[in-house]
Amino acid sequence: MSEQDHPAVAKPLPDGPPSGMIQTQRLTAALTPLDVALRLLCSDLKPVDAIEVPLEEAIGRVAAETSPLKAALPAFNTALTDGWALRASDIVGASSYSPLQLVNSPHWVEAGERLPDNCDCVLDAALVEQAGPLCQVVAESVPGQGVRRAGDDLAPGRSIAEAGRIVGSLDVLAARVAGLAHVAVRSPQVRIIDVQAADSSTASSQFIFDFAKAAGARVTISKTNGRDAASIVAAVGVETCDLLLTVGGTGGGRTDATIHAIKECGTLLAYGLAFQPGRTAAVGKIGATPVVALPGLPDQALGACLALVQPVLDMLTARLPRQKMVRPLARKISSAIGVAEIVLLKMSDQAWMPLAAGQLSLDAIINADAWLAVAGNSEGHAAGTPVGALSLREVS
């Protein structure tokens with residue numbers, strides 16, 4: 001089906017309801033394909049500028065390009081263990097049966113200490129016997145034994161953290177060893193507006209907060225004073241950010257007004273997506289800032305996060321492509337033509353076992369290992385078909 005058959009922009013709502021009636025949000029008759037909505041949302045989107053953050057704040061952020069090391073690490077030969085620093089050629093043939101008398105006293109070094117320039121090995125303390133000023137060696141060695149050579153850790157020109165990869169504790173360890181106090185990251189500013197729910201639940205908004213933070217963003221969250229458009233517009237305010245997310249108020253209920261608020265603040269690009277779960281999600285822009293309006297139900301918020309929010313965050317952080325795990329399907333996946341669907345999968349005997357598609361129960365969500373999106377032009381996949389899935393554990 002062509003894009004012309006699926007309008008990318010929802011038809012405008014009437015200017016106002018007849019007197020005495022409540023204005024509700026209405027999905028267009030033709031839902032917008034997921035790929036079209038995502039393309040509109042990401043149009044002209046560029047990675048945010050890199051910032052320097054202290055090492056203790058870097059873990060979980062996406063690394064940016066960093067200046068390569070000018071010198072090798074370590075910059076000189078160091079001892080791997082405590083012991084005696086010697087030159088291997090001076091102790092050839094030494095053994096417990098034929099101790100070798102040393103002409104000069106050896107140098108004692110601690111682990112990590114620089115080796116004297118004329119030494120190329122380190123012997124354990126028990127292999128050098130001392131009797132007053134005299135020293136004898138009871139074992140021979142080879143060059144490099146007990147030694148970390150210059151450049152063994154990192155050669156000149158290498159970077160501590162690979163650009164586009166999530167900074168982990170091991171990257172921070174390497175940075176500390178290299179004497180760095182800061183690292184460059186790309187960390188977009190994400191604002192979440194929690195549209196007041198009728199039952200006062202904040203489960204979905206808190207999940208989205210954690211989701212964005214796990215993707216390396218700096219996240220703030222605020223709550224509206226009501227579910228009407230004016231309250232949502234007031235919460236949007238004028239504060240700038242790189243991505244604006246609203247949670248709740250996207251359905252066609254009498255108190256759902258998020259779509260009206262987006263239209264009042266900026267441009268509504270698409271409302272009503274050919275996608276499950278998350279059909280009532282919407283995308284728009286306020287100025288140049290991308291906006292994703294997420295449904296309030298947990299499974300629909302999850303689906304819209306995976307399909308819309310995750311790709312935007314990956315673009316803003318210049319994250320390296322996520323690696324798909326390819327396994328055969330243990331059971332077929334059926335999908336309706338015209339609607340893209342999120343499918344949750346669990347690893348079972350080196351195959352993907354489908355747990356849920358389109359409608360995601362909490363039981364399926366907490367037991368799933370990975371997910372994939374079945375395109376709207378597909379009827380699904382037969383059992384045994386190799387499919388590539390993305391980890392769900394990274395976002396939980």
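Residues numbered from 1 in each chain as written. Predicted model: local features only at pLDDT ≥ 70, side-chain atom pairs only at ≥ 80, totals over all residues. Heavy atoms only, no water.

Bringing the pattern of salt bridges into the picture now. Under the defined criterion, the tally for this structure stands at ten salt bridges. A salt bridge links Arg186 to Glu65, with the shortest nitrogen-to-oxygen separation between them at 2.7 Å. With Arg186 in strand S12 (residues 182–186) and Glu65 in the loop between strand S3 (62–63) and strand S4 (78–79), the pair connects residues that are 121 residues apart, well separated along the chain. Taking the relative accessible area as the measure of exposure, Arg186 reaches 14% and is therefore buried. Shared partners join several salt bridges into a network, and the residues in it are Glu162, Arg165 and Asp171. (Salt bridge = Lys/Arg side-chain N within 4 Å of Asp/Glu carboxyl O. Helix = DSSP H or I, 4+ residues; strand = E, 2+ residues; numbered from the N terminus. Buried < 20%, exposed > 50% of the residue type's maximum accessible area, 1.4 Å probe, protein only.)

This part is about the packing of aromatic side chains. Following the criterion strictly, the structure yields two aromatic pairs and no others. Pairing Trp84 with Trp108 gives two aromatic rings, centres 5.1 Å apart and planes at 75°, and the pair type is edge-to-face. Placement of the pair is Trp84 in strand S5 (residues 83–86) and Trp108 in strand S7 (residues 107–109), with a sequence separation of 24 residues. Its relative accessible area of 10% is what places Trp84 among the buried residues. Trp108 gets classed as partly exposed once you look at its relative accessible area, which sits at 37%. (Phe/Tyr/Trp six-rings, centres within 6.5 Å; stacked < 30°, edge-to-face > 60°.)

Here Leu73 and Pro74 are connected by a cis peptide whose omega angle stands at -5°. Looking at the element boundaries, Pro74 is found in the loop between S3 and S4. Between Gln276 and the following residue, Pro277, the backbone shows a cis peptide bond with an omega angle of -5°. Relative to the elements of secondary structure, Pro277 occurs in the loop between strand S17 (273–276) and strand S18 (282–286). We note that Ser200 has phi near 65°; this positive angle belongs to a residue other than glycine. With respect to the element layout, Ser200 can be found in the loop between strand S13 (189–194) and helix H3 (203–214). Under the relative-accessibility criterion, Ser200 is labelled exposed at 55%. Of note in this structure, Gln350 is not a glycine but carries a positive phi near 60°. As for its position among the elements, Gln350 is in the loop between strand S22 (340–348) and strand S23 (351–357).

Adjacent strands of a sheet pair through backbone hydrogen bonds, lying either parallel or antiparallel. Strand order in the open sheet made by the six strands is S14-S13-S15-S19-S18-S16, with mixed pairing throughout. Single-partner strands in this sheet number two, and they are strand S14 (218–223) and strand S16 (267–271). On average, each strand axis in the sheet is tilted by 20° relative to the strand beside it, whichever way the strands run. As paired elements, strand S15 (residues 243–247) and strand S19 (residues 289–294) share four bridges and run parallel to each other. Note on S19: the bridge partner recorded for Thr246 is Ala293. Against the sheet, helix H6 (residues 298–316) touches S13, S15, S18 and S19, its axis set at about 165° to S19. (Pairing = 2+ DSSP bridges. Axes fitted to C-alpha atoms, helices over the stretch in contact; angles between N-to-C directions. Contact = heavy atoms within 4.5 Å.)

This part takes up the confidence of the model for the protein. Confidence in the prediction of the protein, expressed as mean pLDDT, is 90, and 92% of residues score 70 or more. Contacts of residues 1–22 to residues separated by more than four positions or lying in other chains number 31 contacts, the stretch itself having pLDDT below 50. (pLDDT = per-residue confidence, 0-100.)

Moving on: the pairing of S16. Across the five residues that make up S16, a large majority, four, are buried. Two elements, S16 and S18, share four bridges in a ladder whose sense is antiparallel. Across the sheet, the residue bridging to Leu268 is Gly284, located in S18.

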